[in-house]
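Below, each chain spelled out in residue letters.
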Amino acid sequence: MRLLTHNMLSCNIKGVTKGFPLSIEVQKLDTKETDFNPDFLRNIIPKLEWKAFHDAAVSVGLNDIPEQVDPVMLEYTEFLQKFHHALLEVHLEEGALICPETGRRFPVTKGVPNMLLLEDEV
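Residues numbered from 1 in each chain as written. Predicted model: local features only at pLDDT ≥ 70, side-chain atom pairs only at ≥ 80, totals over all residues. Heavy atoms only, no water.

## Side note on helix 3 (residues 50–59)
Next up, step 1: Listed as buried for helix 3 are W50, A52, F53, H54, A56 and A57.
Next up, step 2: Structurally, helix 3 contributes buried residues whose contacts are with helix 1 (3–6), strand 1 (23–31) and helix 4 (77–89).
Next up, step 3: G61 sits one or two residues past helix 3 and shows a positive phi near 95°. (Buried < 20%, exposed > 50% of the residue type's maximum accessible area, 1.4 Å probe, protein only. Helix = DSSP H or I, 4+ residues; strand = E, 2+ residues; numbered from the N terminus. Contact = heavy atoms within 4.5 Å.)

Shown next, in the form of structure tokens:
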């Protein structure tokens, strides 16, 4: 699971009001090289919840992502390469996503998050 995917997921248990962002529990990370596309990166930034992305990157050991992004940074290849690596190349292969409100763990197996709810959570 890429950090891009993580930024779009939330806990949808009935009654939960603060289901985003999910915490990440890492058991196994993998790096998979992808083509660098600066235009895609510039266009995706406004769609991301940056603080959640930053915190997720830190939780998987990527400490070179800034806490805030400035539009000027989008012109620097070095920043875009670090952003690209964190967003698209780092994959959570095994671990869990944890609801910030309930503590419910959603397992991630072979890179796929299982966000299915139990019957009493719907």
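## Overview of the packing of aromatic side chains
Given two aromatic rings, their pairing is described by the distance between the two centres and the angle made by the two planes.
Next up, step 1: Under the criterion given, the structure shown has five aromatic pairs.
Next up, step 2: A ring pair is formed by W50 and F79, whose centres lie 6.4 Å apart and whose planes are at 40°; its orientation type is tilted. With W50 in helix 3 and F79 in helix 4, this pair connects stretches of sequence that are 29 residues apart. In this pair, the class of W50 matches that of F79, namely buried.
Next up, step 3: Ring centres of F53 and F83 lie 5.5 Å apart, and the angle between their planes is 90°; this geometry places the pair in the edge-to-face category. Within this pair, whereas F53 is found in helix 3, its partner F83 is found in helix 4, the two being separated by 30 residues in sequence.
Next up, step 4: Given the relative accessible area of 1%, F53 is considered buried.
Next up, step 5: Overall, the relative accessible area of 0% leaves F83 in the buried class. (Phe/Tyr/Trp six-rings, centres within 6.5 Å; stacked < 30°, edge-to-face > 60°.)

## Regarding unusual backbone geometry
Next up, step 1: In this model, F20 is joined to P21 through a cis peptide bond whose omega is -5°.
Next up, step 2: Here P21 is to be found in the loop between helix 1 and strand 1.
Next up, step 3: Phi angles above zero are rare outside glycine, and K110 is one such case at about 55°.
Next up, step 4: With respect to the helices and strands, the residue K110 is situated in the loop between strand 3 (105–109) and strand 4 (112–113).

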